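Observations on chain architecture
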Amino acid sequence: MKVTRFAKFGLQIHRNLEKCRILSPSSIFQLKPTSLRNFSTKNSFRPNRNFGEILNRSGGRLGIGISACTFTLGAVLYSLTKSPSGNVAAASSERPQHKISRKVRTHTDNTGLKITLYQYQTCPFCCKVRAFLDYYGFNYDVIEVNSVRQTEIKWSGYRKVPIVVIDGLGPDGYLVLKDSTVIISILKSFLLDRSRSINLIQQCYPSLESKNEKGKKVVEFPNRYFLMYFDSKPDRSPEALKLERKWRRWTDDCLVHMLSPNVYRTFSEAFQAFNYFSEVGEWEQNFSNLERKMVIYVGAFVMYFIGKVLKRRHSLKDDVRVSLYDALNEWTTALGKNQKYMGGDQPNLGDLSAYGALSSIEGCNAFQDALNNTKIRRWYSDMKEIVTSHEGAEVIKMGK
């Protein structure tokens, strides 16, 4: 392969990085290896303008440095995604069996559902789903997706996590649920009325495809924040359900966007965050030593700059910590002094979503600063206790 094509591969990583929306360092690798086939030396290929502006302000030497790092990362990633025959590996239409990273078991789950969660450990959307599953005491298996190869999810035709698979349902012998909010809404709707099959409930969440202003295909689930009661009487008032939807949406549209710019605020913080991700994600088991170090060092370096791009995109303040504190203060102000959870005496899906997303940065400096500079500590500690102890499992046990 010509060096110019490696350089273009590196530039495409720049473009993919600029588009990252979530905290997980595995966002770096959301690049289809087959894109290499479309490159030619005659094509004009330029990185995103905003990214270039940041490099220009940072100085020419810094720009050369990051380009060199990205060039190296592109070469390594290409070598990692090649099949033994030398061809870029193609996605499989069948669901292969992969090593289960861990099994979560409780004695209260009587749903009969065999759930497998495909995830990145530190992805805030995956953490949302785990918080829901743990609180309600579901039994489930976890498959940690290798963020470089993504071998574990190629069969799905879907390049994002989380993915939930429920065995024994659907025409293929398993049912695939995508989008963290939809996954939570479907499973919660099932708990509310078990006379309705998950197959039927899933049909209530149709996806709509469209193109954004840049011509990129986007998939939306218009009613993803709504629960399906069918003929059953809602268990709460319309106002309570509306409030729950509001804060679930706030988590996705506001809180999540505060995380990356804060976690990668400085070079040292970015490096500390990637070491934390390596530890909790058990990268030593999923990567070779070279791969792991490449992800940590190059990933931290590049994500520092991406944090600056995301800061501008979401109009965060010059000190991004202030924006994070403002978001958390908005939450605690709405919570009030006398209310334990947003759902009242018991957490609702807004609580579980916000807790899950925030838990994704628990080992990072930004999280400790948030505890020390906002009033989020009490609520977060209460949420962590009831989620880890599966206090919502009584709902499953009673078959409600």
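Residues numbered from 1 in each chain as written. Predicted model: local features only at pLDDT ≥ 70, side-chain atom pairs only at ≥ 80, totals over all residues. Heavy atoms only, no water.

**Comments concerning the overall build of the protein**
We count it as follows: Secondary structure elements follow DSSP: runs of H or I no shorter than four residues count as helices, runs of E no shorter than two count as strands, and numbering proceeds from the N terminus. Throughout, a residue-residue contact means that at least one pair of heavy atoms, one from each residue, lies within 4.5 Å. Computed with a 1.4 Å probe, the accessible areas rest on the Shrake-Rupley method; for each residue, only the protein chains presented here act as cover.
When helices and strands are counted, the protein shows 15 helices and seven strands. Here the contacts in the protein between residues at least 6 apart in sequence split such that 72% fall between residues at least 24 apart. About 18900 Å² of surface is accessible on the protein, with carbon and sulfur atoms providing 50% of the total.

**Considering the pattern of salt bridges**
Where we set the bar: Any carboxyl oxygen of Asp or Glu that lies within 4 Å of a side-chain nitrogen of Lys or Arg is treated as forming a salt bridge with it. Here's how the labels work: a residue is buried when its accessible area is under 20% of the maximum for its type, exposed when over 50%, partly exposed in between, all with a 1.4 Å probe on protein chains only.
Tallied over the full model, the rule gives 15 salt bridges. Note that K217 is salt-bridged to E209, the shortest N-O span being 4.0 Å. For the pair formed by K217 and E209, the shared burial category is exposed.

**Describing the sheet that holds strand 1 (residues 102-104)**
Worth spelling out the cut-off: Should DSSP find at least two bridges between two strands, the strands are regarded as paired. Here the axes come from fitting lines to C-alpha atoms, over the contacting stretch only for helices, and the angles between their N-to-C directions go from 0 to 180 degrees.
Spatially, 1-3-2-4-5 is the arrangement adopted by the five strands of the open sheet, whose pairing is mixed. The sheet is open, and its two edges are formed by strand 1 and strand 5 (174-178), each paired on a single side. Within the sheet, the average angular offset between the axes of one strand and its neighbour, ignoring direction, is 25°. The strands touched by helix 4 (residues 124-135) within the sheet are strand 1, strand 2 (114-119), strand 3 (140-144) and strand 4 (163-167), with strand 2 carrying the most contacts at an inclination of about 155°. In this fold helix 5 (residues 180-192) packs onto strand 4 and strand 5, with an angle of close to 125° to the strand it touches most, strand 5.

**Quick word on the packing of helix 4 against helix 12 (residues 349-359)**
For clarity, the cut-off: Roughly parallel covers angles under 35 degrees, roughly antiparallel covers those over 145, roughly perpendicular covers 65 to 115, and oblique covers all other angles. Throughout, a crossing is termed right-handed when the near helix is turned clockwise from the far one, and left-handed when it is turned anticlockwise from it by less than a right angle. Three classes are used: nonpolar for Ala, Val, Leu, Ile, Met, Phe, Trp, Tyr, Cys and Pro, charged for Asp, Glu, Lys and Arg, and polar for all others, with Gly counted as polar.
The N-to-C vectors of helix 4 and helix 12 enclose an angle of 130°; their axes lie 7 Å apart at closest approach. Between helix 4 and helix 12, the angle is such that the two are oblique. Along this stretch, helix 4 crosses helix 12, giving a crossing that reads as right-handed. Here P124, C127, K128, A131, F132 and Y135 of helix 4 lie close against helix 12, whose contacting residues are L349, L352, S353, Y355, G356, A357 and S359. A class-by-class count of the residues in the contact of helix 4 with helix 12 yields nine nonpolar, three polar and one charged.

**As for the packing of aromatic side chains**
This is how the line gets drawn: Planes of paired rings set the category: under 30 degrees apart is stacked, over 60 is edge-to-face and the rest tilted, where pairs are Phe, Tyr or Trp rings (Trp by its six-membered ring) whose centres lie within 6.5 Å.
Within this structure, the stated rule accounts for 18 aromatic pairs. Ring centres 6.0 Å apart and planes at 70° place the aromatic pair F267 and F305 in the edge-to-face group. Residue F267 is found in helix 8 (residues 267-280), and its partner F305 is found in helix 10 (residues 289-313); the two are separated by 38 residues along the sequence. Seen in terms of ring centroids, Y276 and F277 are 5.9 Å apart; in terms of plane orientation they differ by 50°. Their pairing is tilted. This pair shows no difference in class: Y276 is buried, exactly as F277 is.

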